[in-house]
Amino acid sequence: MLGHHYTRTFLETAVASMNAGCNLELSYGMRNNVFMHIPQALAMGNITLQMLRDRVRPLFYTRMRLGEFDPQAMNPYSTLDLSAVQSPEHRNLSLEAAVKSFVLLKNVRGTLPLRARDLPGKRLAVVGPFADNPRVLFGDYAPVPEPRYIYTPRRGLETLMANVSFAAGCHEPRCQQYSRAEVVGAVGAADVVVVCLGTGTDVETEAKDRRDLSLPGHQLELLQDAVQ
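Report on the accompanying structure. (Residues numbered from 1 in each chain as written. Predicted model: local features only at pLDDT ≥ 70, side-chain atom pairs only at ≥ 80, totals over all residues. Heavy atoms only, no water.)

### Structural notes on the pattern of salt bridges
So, point 1. Inspection of every chain in the model, using the stated rule, returns 11 salt bridges.
So, point 2. Of the charged contacts in the structure, one is a salt bridge between E146 and R148, with a shortest N-O distance of 2.9 Å.
So, point 3. Under the relative-accessibility criterion, E146 is labelled partly exposed at 38%.
So, point 4. One salt bridge connects D225 with R180, and the closest N-O pair in it is separated by 3.2 Å. Taken together, the positions of D225 in helix α7 (residues 219–227) and R180 in helix α6 (residues 180–187) put the pair 45 residues apart, joining distant regions of the chain.
So, point 5. Its relative accessible area of 40% is what places R180 among the partly exposed residues.
So, point 6. Among the charged side chains, a network of salt bridges with common partners joins D132, R154 and E158. (Salt bridge = Lys/Arg side-chain N within 4 Å of Asp/Glu carboxyl O. Buried < 20%, exposed > 50% of the residue type's maximum accessible area, 1.4 Å probe, protein only. Helix = DSSP H or I, 4+ residues; strand = E, 2+ residues; numbered from the N terminus.)

Below you can see the structure in the form of structure tokens.
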């Protein structure tokens with residue numbers, strides 16, 4: 001809020017945050033962080049003790065639900081070990097979450113979904129800088145999984161009974177250098193073309209905003225060449 005000139009001091013920021021209902025601060029390790037000024041705000045009467053209690057209550061309720069105040073033997077989380085990481089159960093849940101979080105904006109002539117039973121003998125082309133580049137698939141603050149668990153669009157489509165051709169066109173999201181011939185060659189004989197475009201953390205992330213919402217570099221040209 002200081003950077004946006006909404007407040008002038010950490011004390012003002014603490015008061016404004018508390019009044020707005022905020023009860024956590026991502027302090028980035030600063031010793032003199034915003035919420036360290038809450039006692040001063042309370043002493044000056046800028047906030048009340050009841051408000052402070054109201055803000056703290058959900059935090060301790062969550063910690064109690066996590067068993068932080070229970071004996072270790074009573075806390076089911078204490079029995080977790082590395083076998084829980086990338087377990088089949090968790091991977092299946094991740095897959096379900098991914099499937100359910102897709103947003104379909106348009107579906108002309110009912111093209112989607114692609115059904116595996118309809119694909120044998122079909123020719124698929126998957127193109128674009130996001131088609132087979134695991135590094136660019138994850139957003140800001142995303143974890144970095146083991147490469148063997150990363151399924152790019154190309155890798156996923158190649159598990160189907162179809163003839164899959166691939167062309168990146170440009171090898172990074174900024175797409176400053178574009179090979180039209182590569183894309184046209186991949187899509188020329190395809191029955192279905194999957195175009196994978198976007199931005200990724202190379203183009204935008206926290207504290208790195210874009211001036212417009214256009215596709216970066218030559219990506220729009222790539223799209224036009226892929227679907228013409």
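### Let's talk about the sheet that holds strand β1 (residues 123–127)
So, point 1. The three strands lie next to each other as β2-β1-β3, forming an open sheet whose pairing is parallel. Of all strands in the sheet, those with a lone pairing partner are β2 (163–167) and β3 (192–195), marking the two edges. Here the average twist between neighbouring strands, direction ignored, is 20°.
So, point 2. Running over the sheet, α6 touches β1, β2 and β3 and is turned about 170° from β2.
So, point 3. With respect to the sheet, α7 is in contact with β1 and β3, its orientation differing from that of β3 by roughly 175°. (Pairing = 2+ DSSP bridges. Axes fitted to C-alpha atoms, helices over the stretch in contact; angles between N-to-C directions. Contact = heavy atoms within 4.5 Å.)

### Considerations on the packing of aromatic side chains
So, point 1. Scanning all chains against the criterion turns up one aromatic pair.
So, point 2. Note on F60 and F69: the rings are 6.1 Å apart at their centroids and 15° apart in plane angle, and the pair reads as stacked.
So, point 3. Looking at R63, its charged tip hangs above the ring of F60, at a distance of 5.4 Å from the centre.
So, point 4. Between the NZ or CZ atom of R155 and the centre of the ring of Y151, over which it lies, the distance is 3.8 Å. (Phe/Tyr/Trp six-rings, centres within 6.5 Å; stacked < 30°, edge-to-face > 60°. Lys NZ or Arg CZ within 6 Å of the ring centre and 35° of its normal.)

### Some words on the environment of D191
So, point 1. One can find D191 in the loop between α6 and β3.
So, point 2. When the C-alpha positions of D191 and R123 are compared, they lie 5.2 Å apart, and in sequence the two are 68 residues distant.

### Looking at the environment of V184
So, point 1. Locating V184 in the fold gives a position in helix α6.
So, point 2. Look at V184 and you get partly exposed, because its relative accessible area is 30%.
So, point 3. When the C-alpha atoms of V184 and V127 are compared, they prove to be 9.7 Å apart, with 57 residues separating the residues in sequence.

### Observations regarding the nonpolar core
So, point 1. Residues A125, V127, A167, C170, C175, Y178, V183, A186, V187, L222 and A226 constitute the largest nonpolar core, which totals 11 residues.
So, point 2. Among residues more than four places away in sequence, those in contact with V187 are A125, V127, V193, D225 and A226. (Core = buried A, V, L, I, M, F, W, Y, C linked by side-chain atoms within 4.5 Å.)

### Description of the environment of P216
So, point 1. Following the sequence through the fold, P216 ends up in the loop between β3 and α7.
So, point 2. Separated by 82 residues in sequence, P216 and P134 place their C-alpha atoms 19 Å apart.
So, point 3. Not counting residues within four places of it along the chain, the set of residues in contact with P216 comprises P173, R174, C175, G198, T199 and V203.

### A word on α7
So, point 1. Among all positions in α7, only Q219, L222, D225 and A226 are buried. For α7, the angular spread of buried residues about the axis comes to 120°, placing them on one side.
So, point 2. Contacts from the buried residues of α7 go to β1, α6 and β3. (Arc of directions from axis to C-beta.)

### Examining unusual backbone geometry
So, point 1. Note that the residue after L112, namely P113, is joined by a cis bond; omega there is 0°.
So, point 2. Tracing the chain through its elements places P113 in the loop between α4 (88–101) and β1.
So, point 3. Phi is positive for R109, close to 55°, though the residue is something other than glycine.
So, point 4. Relative to the helices and strands, R109 is located in the loop between α4 and β1.
So, point 5. Within the chain, C175 stands out as a residue other than glycine whose phi angle is a positive 50°.
So, point 6. Among the structural elements, C175 can be located in the loop between β2 and α6.
So, point 7. Look at C175 and you get buried, because its relative accessible area is 0%.

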